[in-house]
Amino acid sequence: MEKKNYTVSIYTENNIGLLSRIAAIFLKRHINIESITASKSEVNEVMRFIIVVEVTEEQVKKIAGQIEKQIEVIRAYYHTDEELIFQETALYKVNSAEFVEDLTIQDFIKETNARIVTVTPKFFVIEKTGKRHEIDNLYDKLKPYGLMQFVRSGKIAVSKNEMPISSILEDFNTININS
């Protein structure tokens, strides 16, 4: 089977230690996590982890199954890039002296739909939201100008198809109330 990028979306209760147990599932299988993002979800008091891995479909099915065995995990989904709408965000801190001396830098910032968020006499900070290759291209263009710092978020994504987490939670709550 062919390896490719899969995005695993995990809906969980917000409990201490859960992230390390989820990461251990990948560690036991010697699978590197390419990207991880955690945030609150569309459901009140439910967290969402988005984890990107390069594996076969068989491996990601097993991983999702193992993750769902964790008590605090409500549901785990996996998707290919084609099934998602996704973005990443990056910040680039660049030496101001280079910025002032070369006006073409302003042109390619505009061309890439990036924006300048802070300017000081010593540095300026650019923010770019987009696909990974777009962020990497801007990185490559800024590197010769004195890139002082760089940071990128993990992938944030929503599925093109419905993930019925709200109805699953309603069923889950009904079961717990009736128990």
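Residues numbered from 1 in each chain as written. Predicted model: local features only at pLDDT ≥ 70, side-chain atom pairs only at ≥ 80, totals over all residues. Heavy atoms only, no water.

The name an unreviewed UniProt entry gives the chain is Acetolactate synthase small subunit, with Gillisia mitskevichiae as the organism. UniProt, in the comment section headed Function (unreviewed entry), describes the chain in these words: "Catalyzes the conversion of 2 pyruvate molecules into acetolactate in the first common step of the biosynthetic pathway of the branched-amino acids such as leucine, isoleucine, and valine." One UniProt comment on the chain, placed under Sequence similarities (unreviewed entry), says "Belongs to the acetolactate synthase small subunit family." (UniProt positions renumbered as here; feature names shortened; annotations may be inferred.)

Another aspect to go through is helix α1 (residues 18–28). Given 3.6 residues per helical turn, the α-helix brings residues three or four places apart onto the same face. Those residues of α1 lying buried are Leu18, Ile22, Ile25 and Phe26. The buried residues of α1 occupy an angular sector of 95 degrees when the element is viewed end-on, so they sit on one face. Among the exposed residues of α1, those pointing more than 90 degrees away from its buried face are Leu27 and Lys28. Phi turns positive one or two residues past the end of α1, at His30, with a value near 55 degrees. (Buried < 20%, exposed > 50% of the residue type's maximum accessible area, 1.4 Å probe, protein only. Helix = DSSP H or I, 4+ residues; strand = E, 2+ residues; numbered from the N terminus. Arc of directions from axis to C-beta.)

This part covers the nonpolar core. With 18 residues, the main nonpolar core has Ile10, Ile22, Phe26 and Ile67 as its most contacted residues. With residues up to four places along the chain from it excluded, the contact list for Ile10 reads Ile22, Met47, Arg48, Phe49, Ile51, Ile67, Val73, Arg75 and Ala76. In terms of nonpolar packing, the next biggest core, distinct from the first, is built from 14 residues, Tyr92, Val94, Phe124 and Ile126 among them. (Core = buried A, V, L, I, M, F, W, Y, C linked by side-chain atoms within 4.5 Å. Contact = heavy atoms within 4.5 Å.)

A separate point is the packing of α1 against helix α2 (residues 57–68). Two elements in contact, α1 and α2, have axes separated by 10 Å at closest approach and are oriented at 145 degrees. Relative to α2, the crossing made by α1 is right-handed. Packed against α1, whose contacting residues are Ile22, Ile25 and Phe26, the element α2 presents Ile63, Gln66 and Ile67 at the interface. Split into classes, the residues belonging to the contact of α1 with α2 amount to five nonpolar, one polar and no charged. (Axes fitted to C-alpha atoms, helices over the stretch in contact; angles between N-to-C directions. Left-handed = near helix turned anticlockwise from the far one by under 90°. Nonpolar A, V, L, I, M, F, W, Y, C, P; charged D, E, K, R; others polar.)

Now for the pattern of salt bridges. Per the stated rule, a full pass over the model turns up eight salt bridges. Ionic pairing is found between Glu88 and Arg152, a salt bridge with its closest N-O pair at 3.8 Å. Linking Glu88 in strand β5 (residues 84–95) with Arg152 in strand β8 (residues 147–152), this pair joins segments that are 64 residues apart in sequence. Residue class for Glu88 comes out buried when judged on its relative accessible area of 5%. Here Arg152 falls in the partly exposed class, since its relative accessible area comes to 26%. For Arg152, the salt bridge identified is with Asp136, shortest N-O distance 2.9 Å. Taken together, the positions of Arg152 in strand β8 and Asp136 in helix α5 (residues 132–142) put the pair 16 residues apart, joining distant regions of the chain. Since its relative accessible area comes to 28%, Asp136 is described here as partly exposed. (Salt bridge = Lys/Arg side-chain N within 4 Å of Asp/Glu carboxyl O.)

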